[in-house]
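Below, each chain spelled out in residue letters.
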Amino acid sequence: YNFNGIKKILCVSDEIRRITSPDIKENNKLVTVHSGIDTSRFTGEISPANLQLEFGINADIFIGNVAALAPHKDYFTFLETVKIFREKHPEINAHFLCIGEGELKEDLQKYAAKLGVTDNVTFTGFRKDVPALLKALDIFLITSETEGLGTSILDAIASGTPVVATAAGGIPEIILHEKTGLLA
């Protein structure tokens, strides 16, 4: 990255620029260009009734995340949130979807069982219909420990799905608390 022939280094967020800068001799080469998405992908829909049929669940609201089941996505906190939500709002029939695949799937399923929330959580695996699936969610919940930017959040916004997110990495560059979503 410090090769003289490099004119600019593009960073997906100001946070990535901040993290990268100590290793770059000429910081003026670092430029933030936020990621973008193709919003034309968000035309189809899946109804909540279809989700209920497909997964055999009965719920009034759906809360989900689309992410690799990897350590930095912190799905353990997502599952702890399910438990807290159930305890604080037993009157709300909510179901949580973990949309994605990854190395932690088995550990996360065991953790859900340990927390006693398996009836409220579905691990959908990899999906090709994410844009339509996002539209079926009532809330997009992302509990990442860190994110470069969080393009799945951009997808949720393009779907018209409200976002609740951790203030991690570049996420606060997308979600402005109580303006474009909620940050924790």
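As shown above, the structure is provided for reference.
Residues numbered from 1 in each chain as written. Predicted model: local features only at pLDDT ≥ 70, side-chain atom pairs only at ≥ 80, totals over all residues. Heavy atoms only, no water.

Draft legend 1. Fine view of the nonpolar core. Counting 26 residues, the largest nonpolar core has Leu51, Phe62, Leu134, Phe140, Ile153 and Val163 as the members making the most contacts within it. At the level of elements, strand E3 (61-66), strand E4 (94-99), helix H5 (130-136), strand E6 (139-142), helix H6 (151-159) and strand E7 (163-165) are the ones that each hand at least two residues to this core. Considering each element in turn, this core owes the most residues, five residues, to H5. Not counting residues up to four positions away in its chain, the partners in contact with Phe140 are Gly64, Asn65, Val66, Leu134, Ser152, Ile153, Ala156, Thr161, Pro162, Val163 and Val164. Ranked by size, the runner-up nonpolar core spans 19 residues in total, among them Tyr75, Leu79, Val82 and Tyr111. (Core = buried A, V, L, I, M, F, W, Y, C linked by side-chain atoms within 4.5 Å. Buried < 20%, exposed > 50% of the residue type's maximum accessible area, 1.4 Å probe, protein only. Helix = DSSP H or I, 4+ residues; strand = E, 2+ residues; numbered from the N terminus. Contact = heavy atoms within 4.5 Å.)

Draft legend 2. Representation of the environment of Ser35 within the structure. Relative to the helices and strands, Ser35 resides in the loop between strand E2 (30-32) and helix H2 (48-55). In this structure, the C-alpha to C-alpha distance between Ser35 and Phe123, residues 88 residues apart in sequence, is 27 Å. The residues contacting Ser35, other than those within four sequence positions of it, are Val12, Leu149, Thr151 and Leu154.

Draft legend 3. The arrangement of the sheet that holds E7 in detail. Strand order in the open sheet made by the six strands is E5-E4-E3-E6-E7-E8, with parallel pairing throughout. Taken across any chain shown, the strands that pair with only one partner, and hence form the sheet edges, are strand E5 (121-125) and strand E8 (182-183). Bridging between E4 and E5 involves four bridges; their strand directions are parallel. Of the residues in E5, the one forming a bridge with Ile99 is Gly125. Sheet strands in contact with helix H3 (residues 75-88) are E3, E4, E5 and E6, and its direction is about 175° off that of E4. Helix-sheet contacts for H6 involve E3, E6 and E7, and the interaxial angle to E6 is about 170°. (Pairing = 2+ DSSP bridges. Axes fitted to C-alpha atoms, helices over the stretch in contact; angles between N-to-C directions.)

Draft legend 4. Representation of the layout of surface pockets in the model. Roughly 220 Å³ of internal volume is contained in the largest pocket. Along the wall of the largest pocket there are 16 residues; nearest its centre are Thr81, Phe85, Phe96, Leu141 and Val164. Of all the secondary structure elements, the ones that give two or more residues to the lining of the largest pocket are H3, E6 and E7. When its residues are assigned to classes, the lining of the largest pocket shows 10 nonpolar, five polar and one charged. (1 Å grid on protein atoms, 1.4 Å probe; cavity = no way out; pocket = protein on both sides within 12 Å on 5 of 7 lines; lining within 4 Å. Points joined across faces, edges and corners; volume = space filled by probe spheres on them. Nonpolar A, V, L, I, M, F, W, Y, C, P; charged D, E, K, R; others polar.)

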